[in-house]
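# Structural features, examined
Take a look at the letters that make up each chain.
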Amino acid sequence: MEKIVQPGALAEVEQLEREILSSIAQASTPEELEGVRIRYLARKGSLSQLLDRIGQFPKEIRPEIGRKANALKERAWAAFEDRKKELKARAQATLLDPTLPGRPVVSGSLHPILELRARIVQIFRTLGFALADGPEVETEYYNFDALNTPPDHPARTEQDTFYLADQELALEWDQGQPKKGRLLLRPQTSPVQVRVMQSHKPPIRVIAPGRCYRRDEIDATHHIAFFQVEGLVVDEGISVCELKGTLEVFFRELLGKDLEFRFRPHYFPFTEPSFEVDARRPGRMFHGKEWLELCGCGMVHPKVLQGVGLDPERYQGFAFGFGIDRFAMILCEVPDLRFFTENDVRLLQRLSPVV
Ligand code: DAH
């Protein structure tokens, strides 16, 4: 503290007043201001000490000193509070600069394959299709027998399909109906066709997207787990025309208006006739190839209809199925299927399927 140069008690009060008020005005941070408070205004500060000493001054000047010292106390506290508010407001003003650009919010996103699936569902909704679902753990019955698959069909072997080891579980799960066979991880979404025809009467118009599993070597274009979308339409008077029209409208919407199609005869046990559909885009290749395989399809086999109690003379249907992972690769321009399952978050941030 500065030495009091002016002699006399009144001069002491005036000197203290100048000192306190200028210290408050000069305090430029809340910490400095707090220092001023402790030095002068707190219990042991010099102003409080002066007030304590009033009784010791000569009688004649005591009342005036008392008045002045108390007035100073009031003024000093008022100045202190004002300055405190000022410094607080200044600190807040520097904290919040509304002219700064906002901090980016990192938001989550759907996996590109799920995003693509959602878009596929959306397109089929506009074509009047409903969503159907079936279990990923299936029975041999639903996956093969009910789909007219011969007992010696190669897909039934353990080289192609994952079977679940626990046979007792299979029987229990089947509610004691051994004809439904062993449990397996479904290698296709086609068994959902049978489940839908068992639980719903025609007209039926559904798609069933879902995960499938196959005993494949994992490489750039194959994985043991992948997504398929199954489609099924059953009604009176359905022909290959509806099949062709539906698939062409759908794939043009998904992959580009300029698609050209090729329907090749093929074999699937559950459709007759059966086709594989390819497409090309004039002037643009699909990952270096002119023709892209789109899907398998066909007219629902009369035996499949009979198996679920539908009269093939009255009802016809078409079915189709395709894997969507390869479309995701093309739309996201990803050269290797494994990127989709490597959990590299950059894939989620950057890639979104585009037409
Ligand atoms: N399930 C077949 C597969 O995984 C694809 C398929 C072909 C589904 C023809 C169908 C169909 O519904 O009619 O290769």
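Residues numbered from 1 in each chain as written. Predicted model: local features only at pLDDT ≥ 70, side-chain atom pairs only at ≥ 80, totals over all residues. Heavy atoms only, no water.

### Topic: the site of the ligand
Rules: The near set for a molecule or strand comprises every residue that places at least one heavy atom within 4 Å of it. Here a polar contact is recorded for every N or O atom pair within 3.5 Å, except that within protein the pair must consist of a potential hydrogen donor and a potential acceptor, and residues adjacent in sequence are included only if both atoms are side-chain atoms. Throughout, the Shrake-Rupley method with a 1.4 Å probe supplies accessible areas, and for residues the shown protein chains are the sole cover considered. Segments assigned H or I by DSSP are reported as helices when at least four residues long, segments assigned E as strands when at least two residues long, and all are numbered from the N terminus. Basically, the charged four are Asp, Glu, Lys and Arg, the nonpolar ten are Ala, Val, Leu, Ile, Met, Phe, Trp, Tyr, Cys and Pro, and anything else, Gly included, counts as polar.
Near the ligand lie 15 residues; those nearest to it are Gln188, Ser190, Arg214, Gln228 and Glu230. Within the side chain of serine 190, one N or O atom sits 2.9 Å away from a nitrogen atom of the ligand. For the ligand, an oxygen atom lies 2.8 Å from a polar atom in the side chain of arginine 214. Compared with its free state, where it exposes 350 Å², the ligand has 89% of that area covered by protein. Taken together, the elements giving at least two residues each to the shell around the ligand come down to strand S5 (225-235), strand S8 (292-300) and strand S9 (316-323). When the residues that make up the shell around the ligand are grouped by side-chain class, the tally is five nonpolar, eight polar and two charged.

### Concerning empty space enclosed by the protein
Note the cut-off: Grid spacing is 1 Å over the protein atoms alone, the probe is 1.4 Å, and a cavity is where that probe fits but cannot get out, while a pocket is an open set with protein on both sides within 12 Å along at least five of seven lines and lining residues have an atom within 4 Å of a point. Grid points are joined across faces, edges and corners, and a volume is the space filled by probe spheres set on the points.
Scanning the model with the defined rule gives one cavity of 30 Å³ or more in all. Here the largest cavity defines a volume of roughly 40 Å³. Elements that contribute at least two residues to the lining of the largest cavity include exactly helix H8 (191-199), strand S4 (204-213) and S5.

### Details of the environment of histidine 111
What counts, and what does not: Residues are treated as being in contact if the distance between any of their heavy atoms lies within 4.5 Å.
Tracing the sequence through the fold places histidine 111 in the loop between helix H4 (62-95) and helix H5 (112-126). Sequence-distant contacts of histidine 111, defined by excluding residues within four places in its chain, comprise Phe340, Leu347 and Leu348.

### Points about the pairing of strand S6 (residues 260-268)
Basically, it comes down to this: Two strands qualify as a pair provided DSSP detects at least 2 bridges between them.
Sheet topology note: the S6/strand S7 (residues 271-280) ladder contains eight bridges and is antiparallel. Among the inter-strand pairings, glutamate 260 is bridged to a residue of S7, identified as arginine 280. Linking S6 back to S7 in an antiparallel pair, the connection comprises two residues.

### Structural notes on the domain arrangement of the protein
What counts is decided by this rule: Throughout the structure description, domain borders are defined by an automatic or database domain assignment.
For the protein, the assigned domains read domain 1 (7-94) and domain 2 (112-348). Computed over C-alpha atoms, the centres of domain 1 and domain 2 are 86 Å apart.

### Topic: the packing of aromatic side chains
Test applied: When two rings of Phe, Tyr or Trp (its six-membered ring) have centres within 6.5 Å they constitute a pair, described as stacked for plane angles under 30 degrees, edge-to-face for angles over 60, and tilted for the intermediate range. Only protein chains enter the accessibility calculation, which uses a 1.4 Å probe. A residue is then buried if its area is under 20% of the maximum for its type, exposed if over 50%, and partly exposed in between. Charges are assigned to positions over rings by a cutoff of 6 Å between ring centre and Lys NZ or Arg CZ, combined with an angular limit of 35 degrees from the ring normal.
Using the criterion set out here, one finds 15 aromatic pairs in the structure. With centroids separated by 4.3 Å and ring planes inclined at 15°, the aromatic side chains of phenylalanine 124 and phenylalanine 250 adopt a geometry described as stacked. Of this pair, phenylalanine 124 sits in helix H5 while phenylalanine 250 sits in helix H9 (residues 240-255), placing them 126 residues apart in sequence. Exposure remark for phenylalanine 124: the relative accessible area of 0% places this residue in the buried category. Phenylalanine 250 gets classed as buried once you look at its relative accessible area, which sits at 0%. Pairwise contacts between aromatic rings join Phe124, Phe129, Phe250, Phe251, Phe318, Phe320, Phe322 and Phe327 into one cluster. Between arginine 182 and the ring centre of tyrosine 163, over which it is positioned, the NZ or CZ distance is 3.9 Å.

### Things to note about the packing of helix H1 (residues 9-26) against H4
Each pair of packed helices can be summarised by the angle the axes make with each other and by the distance between the axes. The cut-off we apply is this: Axis definition: a line fitted to C-alpha atoms, over the contacting stretch in the case of helices. Angles run 0 to 180 degrees between N-to-C directions. Orientation categories follow fixed angle ranges, with anything under 35 degrees roughly parallel, anything over 145 roughly antiparallel, 65 to 115 roughly perpendicular, and all other angles oblique.
At their nearest, the axes of H1 and H4 sit 10 Å apart, and the two run at 0° to each other. With respect to H4, the axis of H1 lies roughly parallel. Counting all contacts with H1, which are made through Ala9, Leu10, Val13, Glu14, Leu16, Glu17, Ile20, Leu21, Ile24 and Ala25, the residues of H4 involved are Glu64, Ile65, Lys68, Ala69, Leu72, Arg75, Ala76, Ala79, Phe80 and Arg83. Partitioned by chemical class, the residues of the contact of H1 with H4 number 14 nonpolar, no polar and six charged.

### Topic: a negative patch on the surface
Where we set the bar: Patches in this entry comprise residues that are over 30% relatively accessible and not in a salt bridge; like charges within 9 Å are linked, as are nonpolar side chains (Val, Leu, Ile, Met, Phe, Trp, Tyr) within 5 Å. The term salt bridge refers to a pairing of a side-chain nitrogen on Lys or Arg with a carboxyl oxygen on Asp or Glu at a separation within 4 Å. Positive charges are assigned to Lys and Arg, negative charges to Asp and Glu, while His and the chain termini are left out of the count. The location of each charge is read from NZ of Lys, CZ of Arg, CG of Asp or CD of Glu.
Taken together, the side chains of Asp160, Asp216, Glu217 and Asp219 make up a negatively charged region of the molecular surface. Mapped onto the elements of the fold, aspartate 216 is located in the loop between S4 and S5.

### Quick word on the UniProt feature "binding site: Mg(2+)" (unreviewed entry) in the protein
Rules: UniProt positions are given in the numbering used here, feature names are shortened, and annotations may be inferred rather than shown by experiment.
UniProt annotation of "binding site: Mg(2+)" (unreviewed entry) refers to Glu272 when read in the numbering used here. With respect to the helices and strands, glutamate 272 occurs in strand S7. Once residues within four sequence positions are removed from consideration, glutamate 272 is found in contact with Met299 and His301.

### Describing the sheet that holds strand S1 (residues 130-131)
The pairing of strands in a sheet happens through backbone hydrogen bonds and is either parallel or antiparallel. Pairing is mixed across the open sheet formed by seven strands, whose spatial order is S1-S4-S5-S9-S8-S7-S6. At either margin of the open sheet sits one strand with a lone partner, and together these are S1 and S6. The sheet contacts of H8 involve S4, S5 and S9, and relative to S5 the element is tilted by about 40°. Most of the contacts of H9 go to S8, to which it runs at about 155°, and overall it touches S6, S7, S8 and S9.

### Here we look at unusual backbone geometry
Negative phi values dominate among residues other than glycine, just as trans dominates among peptide bonds. For the bond running from proline 202 to proline 203, omega is 5°, close enough to zero to count as cis. Relative to the elements of secondary structure, proline 203 occurs in the loop between H8 and S4. Between glutamate 272 and the following residue, proline 273, the backbone shows a cis peptide bond with an omega angle of 0°. If you trace the backbone, proline 273 turns up in strand S7.

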